[in-house]
Amino acid sequence: MLVQFNIPSTILVGAGARKEVGAQARRLGGSRALLVTDRQMEKSGYADQVIPSLEKQGLAVTVFSGVQPDPTDRNVLEGLSLLRECKSDLIVALGGGSPIDAAKVISILANNELPMSQYAGINKIPGAGLPLIVIPTTAGTGSEVTKAAVITDTERDIKMLMLDLHLLPTVALVDYELTLSMPADLTANVGVDTLVHAMEAYVSVKANPMTDPIALSTIRLVAKNLLTAFKEPGNRKAREAMMLAACQGGIAFSNSSVCLVHGMSRPVGALYHVPHGLSNAVLAPVVTEFSVPGAPARYATIARTMGYASEKDSDEIAALALVKGLKELNRELEIPGLSQCVSVDLHRFDEKVEKMASDALASGSPQNNPVVPSAEQIVDLYHKAW
Ligand SMILES: [Fe+2]
């Protein structure tokens with residue numbers, strides 16, 4: 001097996017990493033930066049923690065805060081037009097997965113032709129984008145270290161998944177201090193997203209010796225720290241550990257893959273605007289139960305790493321304990337069922353569920369799962385999570 005492993009060329013991890021943005025931008029030769037973020041980040045003063053560092057190094061900064069949750073092709077085009085207007089030569093992304101993913105695609109569109117829909121899929125982007133410095137403010141998506149971006153195609157009502165090395169940020173500044181004021185529900189959602197990244201990277205048919213130890217480290221960090229970060233938002237040790245987990249989880253899945261949970265989660269987000277981490281969390285227990293027969297030993301190792309089973313337990317018992325443990329974790333994190341996340345009744349949901357199953361399969365992620373489902377089995381899993 002030939003393994004390829006890619007991460008940003010520079011990753012700074014630790015308190016205060018955000019303050020290095022100016023020095024990093026200068027090192028990369030930037031003179032006019034486009035800061036891609038969202039209104040909330042701008043309003044709550046996060047942008048002000050980054051702009052002075054850039055200006056101090058002589059960079060002119062233009063702020064684009066028009067990225068919405070589940071970023072759309074329209075958000076990206078708006079940012080691109082501002083970038084052209086200001087002749088920006090470097091992009092800084094600040095925020096959760098949404099501004100980061102939007103910034104990645106703005107960066108590649110600066111040097112590649114439209115329409116962006118032609119870049120959905122694997123390795124479809126011909127040329128490199130502008131230098132990109134990424135500063136995550138949630139501990140979850142891992143987008144700061146991945147070659148993936150998810151953008152909603154507003155015409156077709158689908159989430160386009162782009163996977164390409166040209167989407168890999170140049171620099172990631174991983175600073176847990178930016179996560180200290182994350183609200184509890186967001187902490188829960190993105191924390192389970194991190195766990196799912198690591199689990200899927202570990203059970204994927206693309207799992208490899210480079211990603212396995214990183215995935216298990218992520219799982220261990222989440223097991224020890226997620227509930228503490230959820231219950232005690234100001235706990236710096238737990239926040240620091242979850243930020244590290246998010247970064248490691250991103251590295252793991254970007255160099256292995258995500259699988260069926262993410263494949264099924266994207267259509268839920270595209271149609272019902274359920275936050276990404278929440279739809280993953282809701283689906284994780286049923287998808288795990290379905291997938292165990294394809295990789296029982298791997299799921300058993302995850303269960304033991306989470307502390308749900310011991311070395312003495314058989315793989316079968318450990319894998320069962322994992323499904324039970326994931327349900328219990330959702331309960332402790334106050335994560336509701338699928339029916340409460342989508343704002344429709346089952347009859348309405350069923351009108352679109354076949355499209356959701358086919359969109360899930362079309363994304364390619366379910367094909368990495370230890371058990372590759374049929375469209376009917378995906379419909380059945382949506383119903384089980386209902
Ligand atoms: Fe994710």
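Residues numbered from 1 in each chain as written. Predicted model: local features only at pLDDT ≥ 70, side-chain atom pairs only at ≥ 80, totals over all residues. Heavy atoms only, no water.

S.K.: Sorry, what's going on with the overall build of the chain here?
M.R.: Scanning the chain from terminus to terminus reveals 15 helices and nine strands. Relative to the globule expectation of 21 Å for 386 residues, the C-alpha radius of gyration of the chain, 20 Å, shows essentially globular dimensions. Seen along its three principal axes, the alpha-carbon backbone of the chain occupies a region of about 60 × 45 × 45 Å. In the chain, of all internal contacts separated by at least 6 residues, the share reaching a separation of at least 24 is 78%. (Helix = DSSP H or I, 4+ residues; strand = E, 2+ residues; numbered from the N terminus. Rg over C-alpha atoms; globule rule 2.2 N^0.38 Å. Contact = heavy atoms within 4.5 Å.)

S.K.: What am I meant to see in the sheet that holds strand β2 (residues 32-36) here?
M.R.: What links the strands of a sheet is backbone hydrogen bonding, and the strands pair in either a parallel or an antiparallel sense. In spatial order, the strands read β1-β9-β6-β4-β2-β3; together these six strands make up an open sheet with parallel pairing. This sheet does not close on itself; its edge strands, each paired only once, are β1 (10-13) and β3 (60-64). Across the sheet, the mean angle separating the axes of adjacent strands is 15° when strand polarity is ignored. As paired elements, β2 and strand β4 (residues 90-95) share four bridges and run parallel to each other. Paired with A33 across the bridge in β4 is L90. Here helix α4 (residues 73-86) sits on the sheet in contact with β2, β3 and β4, set at roughly 160° to β3. (Pairing = 2+ DSSP bridges. Axes fitted to C-alpha atoms, helices over the stretch in contact; angles between N-to-C directions.)

S.K.: How should I be thinking about the coordination of the iron ion in this particular structure?
M.R.: Around a metal, the perfect tetrahedron of four donors has angles of 109.5 degrees, and the perfect octahedron of six donors has angles of 90 or 180 degrees. Protein-derived ligands of the iron ion are D193 (OD), H197 (NE2), H262 (NE2) and H276 (NE2), with the metal-ligand distances lying across 2.1 to 2.3 Å. Relative to the metal, the four donor atoms surrounding the iron ion lie at angles of 86 to 167°, and the coordination shape comes out irregular. Spacing between the donor residues of the iron ion along the chain follows D-x3-H-x64-H-x13-H. Here D193 and its partner H197 are both found in helix α6 (residues 184-203), four residues apart, which amounts to about one turn of the helix. (Donors = N, O, S within 2.8 Å, 3.2 Å for Na, K, Ca; no water. Tetrahedral: all angles 85-135°; square planar, octahedral: opposite > 155°, others 65-115°.)

S.K.: Would you explain the packing of aromatic side chains in this entry?
M.R.: For any pair of aromatic rings, the description rests on two quantities: the centre-to-centre distance and the angle between the ring planes. One pass over the full model with this rule turns up three aromatic pairs. Aromatic side chains Y272 and F349 sit 5.9 Å apart centroid to centroid with 25° between the ring planes, which places their arrangement in the stacked category. Of the two residues, Y272 is situated in helix α9 (residues 260-272) and F349 in helix α14 (residues 346-362); the sequence distance between them amounts to 77 residues. The exposure classification of Y272 matches that of F349, with both residues buried. Residue classification places F349 among the buried positions, given a relative accessible area of 0%. What links up through ring pairs into an aromatic cluster is the set Y272, F349, Y382 and W386. Above the plane of the ring of Y202 lies R298, whose end atom (NZ or CZ) is 4.2 Å from the centre. (Phe/Tyr/Trp six-rings, centres within 6.5 Å; stacked < 30°, edge-to-face > 60°. Buried < 20%, exposed > 50% of the residue type's maximum accessible area, 1.4 Å probe, protein only. Lys NZ or Arg CZ within 6 Å of the ring centre and 35° of its normal.)

S.K.: Before we go on, may I ask you to explain empty space enclosed by the protein in this structure?
M.R.: If you walk through the whole model with that rule in mind, you get three cavities of 30 Å³ or more. Around the largest cavity sit V196, M199, E200, V203, C259, V261, A284, V287, T288, Y299 and N369, which together line it. Elements supplying a minimum of two residues to the lining of the largest cavity: α6 and α10 (276-291). No other element matches α6, which puts four residues into the lining of the largest cavity. Of the residues in the lining of the largest cavity, the class split is eight nonpolar, two polar and one charged. (1 Å grid on protein atoms, 1.4 Å probe; cavity = no way out; pocket = protein on both sides within 12 Å on 5 of 7 lines; lining within 4 Å. Points joined across faces, edges and corners; volume = space filled by probe spheres on them. Nonpolar A, V, L, I, M, F, W, Y, C, P; charged D, E, K, R; others polar.)

Worth remembering: the numbers are spatial, not functional.
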